[in-house]
Amino acid sequence: NTDSGSARLYSGLDGSLLYTFLGTAIDDCFGYSVAAAGDIDLDGIDDLLVGAKNGYVQAFSGVDGTTIYTLQASLTNEAIGTSVSSAGDVNGDGTVDILSAASDFNYAEVFSGADGSSLYAMADNGDTRIGVGLSAVGDVNHDGYDDFAIGRIWHNTPTTKSGLVTVYSGQDGSQIWAKSGNGSFQTFGASIDMADMNADGEPDIVVGTLGSIVNGRVEVLTGSTGTRISNNKMGANNNGFGGALATVGDLNGDGVAEIVVGAKLDSSANSGAGKVFVLASQLDSDGDGVADASDSSPFDPNIN
C-alpha cells in the first residue's frame, strides 16, 4: 500500500537479507524507527523492534521473524512509533522492556517486554517534542532496576527550545535527574545513548542536539547525577551534527567507548551530502578544548 513502509534485517556475518517486514495500511510509514530489543521472548536469541509513524510498534522474533506482539499507546488519542528503544529491564522481571514515543503527539510510554503491557505513560501538555531521543541507561541509581532517559528537544527552560534530558527510575518512574541545554535552539536531547565514557565502571549518558539552527554538539553526562564531563562541540555551519549518534564500544583499545555522530546536512563533499564523525577518547573534563588524553591538567581549564 502507498507509504505503508517496510523494514529489513540483514546478517551481521555476511550482509545477506534475513527477513523483510511490511507495514499493512496506507501511510503507516512502518520502519520509521527500528531498534534491537534484546531477548524479549526468552528463547536465547535477540529480537527486534520496528516502529510505524502511524502509531504502533511491533516486536519480532529473531529466530524466525514472526510477530511477538504489537504495541499501541495505552492512552486515548495518543500514539507511539516515531522512536523506539530497549528500555533495559525496568521492572526487574528478567525481561528487557520497551520504550517508544511519538514526538508529534508529545507522548512517550514504557512497555513490559514480557507481555507488552503499559508500565509508564508520559503525556506532555506543551509542545515539547518528547522522545525524539530516548534510551536505556542502565541502573544509574543502584537500586537494582534499569533506568531510562528521554529528551524533550523543544523544552523552553532556561531558554527557547534549549531542550531537556530527563533520567527516570525504572523502579517507579520518578525523575532521578534532569539536565537542560545551555543555549537557545540547542534542542538538547535529540539523540541519546549510554556507555561507560570515563572508565569508572558506571554508565554515562551521551546526548546530542539537532544542530540545524545553531551549531550542534555532543555532550557526555555522568549517569548518576547528570554532571557534564565532556562537551565535544564539533558542528559547523548548522550541519546537523548531533542529530543522530551511537556509542560503539572501544575501537582504539584505550578502554573508553567511542561515539559515532551524524551530521546529515554537512556539505564537505557535496551540498547536503552529510558526514559521519567518530569521536575517539575526546573527554574534555575541564572544558578547555583539549581532550583529557592530551591535557597535562585535565581538571584545570587554565592549564593544558
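Novice: I'd love a proper account of the sheet that holds strand β11 (residues 130-138), names of residues and values included.
Specialist: One open sheet accounts for four strands, arranged β11-β12-β13-β14; its pairing is antiparallel. Unpaired on one side and paired on the other, β11 and β14 (175-180) mark the two borders of the sheet. Strand after strand, the sheet turns through a mean of 20 degrees between neighbouring axes, direction not considered.

Novice: Let's hear about the nonpolar core: which residues, and what values?
Specialist: Counting residues in each nonpolar core, the largest one holds 15 residues, and the members touching the most others are Met197, Val206, Val218, Phe241, Ile259, Val261 and Leu279. Among the secondary structure elements, those contributing two or more residues to this core are β17 (218-222), β19 (241-247), β20 (259-263) and β21 (275-279). Take this core: its biggest share by element is three residues, from β20. Formed by 14 residues, the second largest nonpolar core is a distinct cluster that contains Ala35, Ile40, Tyr107 and Phe111.

Novice: Let's hear about the pattern of salt bridges: which residues, and what values?
Specialist: Considering all chains together, one arrives at five salt bridges under this definition. Note that Arg129 is salt-bridged to Asp104, the shortest N-O span being 3.4 Å. Highlighted residues: Arg129 in the loop between β10 (118-123) and β11 and Asp104 in the loop between β8 (97-102) and β9 (107-111), separated in sequence by 25 residues. Here Arg217 makes a salt bridge to Glu219, at a shortest N to O gap of 3.6 Å. Looking at Arg217, the relative accessible area reads 11%, which means it is buried. Residue class for Glu219 comes out buried when judged on its relative accessible area of 0%. Salt bridges sharing partners connect three or more residues here, namely Asp104, Asp127 and Arg129.

Novice: Explain a nonpolar patch on the surface residue by residue, including any values.
Specialist: Taken together, the side chains of Val248, Leu251 and Val278 define a hydrophobic patch exposed on the protein surface, amounting to about 250 Å² of accessible area. With a relative accessible area of 57%, Leu251 lands in the exposed category.

Novice: I'd like a rundown of unusual backbone geometry, residues and numbers included.
Specialist: Omega for the bond connecting Thr157 with Pro158 falls within 30 degrees of zero, at 10 degrees, which places this linkage in the cis form. Turning to its location among the elements, Pro158 is positioned in the loop between β12 (147-152) and β13 (164-168). Even without glycine at this site, Asp27 takes up a positive phi of about 65 degrees. Residue position: Asp27 is located in the loop between β2 (17-22) and β3 (30-38). Positive phi, close to 50 degrees, is recorded for Cys29, a residue that is not glycine. Here Cys29 shows up in the loop between β2 and β3.

The rules behind the values
Residues numbered from 1 in each chain as written. Predicted model: local features only at pLDDT ≥ 70, side-chain atom pairs only at ≥ 80, totals over all residues. Heavy atoms only, no water. Pairing = 2+ DSSP bridges. Helix = DSSP H or I, 4+ residues; strand = E, 2+ residues; numbered from the N terminus. Axes fitted to C-alpha atoms, helices over the stretch in contact; angles between N-to-C directions. Core = buried A, V, L, I, M, F, W, Y, C linked by side-chain atoms within 4.5 Å. Buried < 20%, exposed > 50% of the residue type's maximum accessible area, 1.4 Å probe, protein only. Salt bridge = Lys/Arg side-chain N within 4 Å of Asp/Glu carboxyl O. Patch = residues over 30% accessible without salt bridge, like charges linked within 9 Å, V, L, I, M, F, W, Y side chains within 5 Å. Areas by Shrake-Rupley, 256 points an atom, 1.4 Å probe, with all protein chains shown as cover.

What is shown is where atoms sit, not what they do.
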